[in-house]
Protein chains: 2
Amino acid sequence: MADAVIPESHRDLLEAPVVAALSTLGADGLIQTTAVWVVLDGDVIKASILDTRQKYRNMARHPHATVLLLDPANPFRTLEVRGDVTFSDDPGVALMERSVTKYGSSMADFPPPYDHRVVMTLTPRRVVAYG
Amino acid sequence: MADAVIPESHRDLLEAPVVAALSTLGADGLIQTTAVWVVLDGDVIKASILDTRQKYRNMARHPHATVLLLDPANPFRTLEVRGDVTFSDDPGVALMERSVTKYGSSMADFPPPYDHRVVMTLTPRRVVAYG
């Protein structure tokens, strides 16, 4: 499916430290949208999140999410990825560290414990790129 | 309801020309998130949209939406507004013009016809401000 692949033309938005808007569906029918750090891993998007948060509970119930990235240099250039969500452990918090480093922060700012850190993986089902 | 009011501390994000992420729920259970221009009108958020677009159809079916704004100068400072959506006409496309002007553009870039322009009004039900 051509439209389920993140196009080469917009992969830079996921490779640069652009903060993403992550949207999930709440039990009340309202959407929660939060700012998240994301990592491009091949053809999927990953994020280190806490399993104590509403976004986790929302995705555990309704395993779909959407990520929007706006090019900071050109707000008409955007990448939207809608997809299916799965969760996995993060051995050695390797994905978390990759994310923290990508966004120019330090693990010293995120001390242990990491018991509640999980990796969410967003597998694209529909991708819309503008600009 | 205190948490349904946009706090003074974060109204600047809606008064400045910050592009918002607008999320709506599709019939397929996936969320659509797009970049939109928004206008703060008292205690509600308005946007000029086209009634031919998916976001309109999504909100006509499921009259809720969520807007997230990230402070361009500080990505840890965010404003999320979840709420209920209503639609109305835009006589003289006054709201559209207000939006276009706010974001530093010109109506010359958006020539008529305006037959499909409507105003969406997002009435906050839950507001989350960080930073």
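The structure this text deals with has already been given above.
The present account deals with the structure reproduced in this document. (Residues numbered from 1 in each chain as written. Chains lettered and ligands numbered in written order. Predicted model: local features only at pLDDT ≥ 70, side-chain atom pairs only at ≥ 80, totals over all residues. Heavy atoms only, no water.)

1. Comments concerning the relation of the copies chain B and chain A
Our working definition: To line up the copies, we fit them by least squares on C-alpha atoms, keeping just the residues with pLDDT of at least 70 in both. Any pair of residues with heavy atoms lying within 4.5 Å of one another is described as a contacting pair.
Take chain B, turn it by 180 degrees, move it 0.0 Å along the axis, and it overlays chain A with an RMSD of 0.0 Å. Both copies of the chain, as the preceding transformation shows, are related through a two-fold rotation axis. Residue by residue, 100% of the interface of chain B is reproduced at the interface of chain A, so both copies engage with the same surface.

2. Points about the sheet that holds strand 5 (residues 64-71) of chain B
All names here are of chain B. The condition that has to hold: DSSP bridges decide pairing: two strands pair if at least two such bridges lie between them. Each helix corresponds to a stretch of at least 4 residues labelled H or I by DSSP, and each strand to a stretch of at least 2 residues labelled E; elements are numbered beginning at the N terminus. Note on definitions: angles span 0 to 180 degrees between N-to-C directions of axes, and those axes are lines fitted to C-alpha atoms, for helices only across the stretch in contact.
With antiparallel pairing, 7 strands are arranged side by side in an open sheet as 2-1-5-6-7-4-3. Edge positions in the sheet fall to strand 2 (31-36) and strand 3 (39-41), since each of these pairs with one other strand and no more. Strand-to-strand, the axes of this sheet are offset by a mean angle of 35 degrees, without reference to chain direction. The sheet contact formed by strand 6 (residues 74-88) and strand 7 (residues 117-130) spans 11 bridges and is antiparallel. Bridging from a neighbouring strand, T78 pairs with Y130 of strand 7.

3. What to know about helix 3 (residues 94-102) of chain A
Residue and element names in this part refer to chain A. Worth spelling out the cut-off: Each residue is placed in one exposure class: buried if its accessible area under a 1.4 Å probe, protein chains only, is under 20% of its type's maximum, exposed if it is over 50%, and partly exposed if it falls in between. The arc in question is traced by the directions running from the helix axis to the C-beta atoms.
Among the residues of helix 3, those classed as buried are L95, M96, S99, V100 and K102. Here the buried residues of helix 3 occupy an arc of 165 degrees about the axis, which is enough to place them on one side. Residues of helix 3 that are buried in the fold lie against helix 1 (12-15), strand 3 (39-41), strand 4 (44-50) and strand 7 (117-130). One or two steps after helix 3, the chain reaches G104, where phi turns positive at roughly 75 degrees.

On their own, these measurements won't tell you what the molecule is for.
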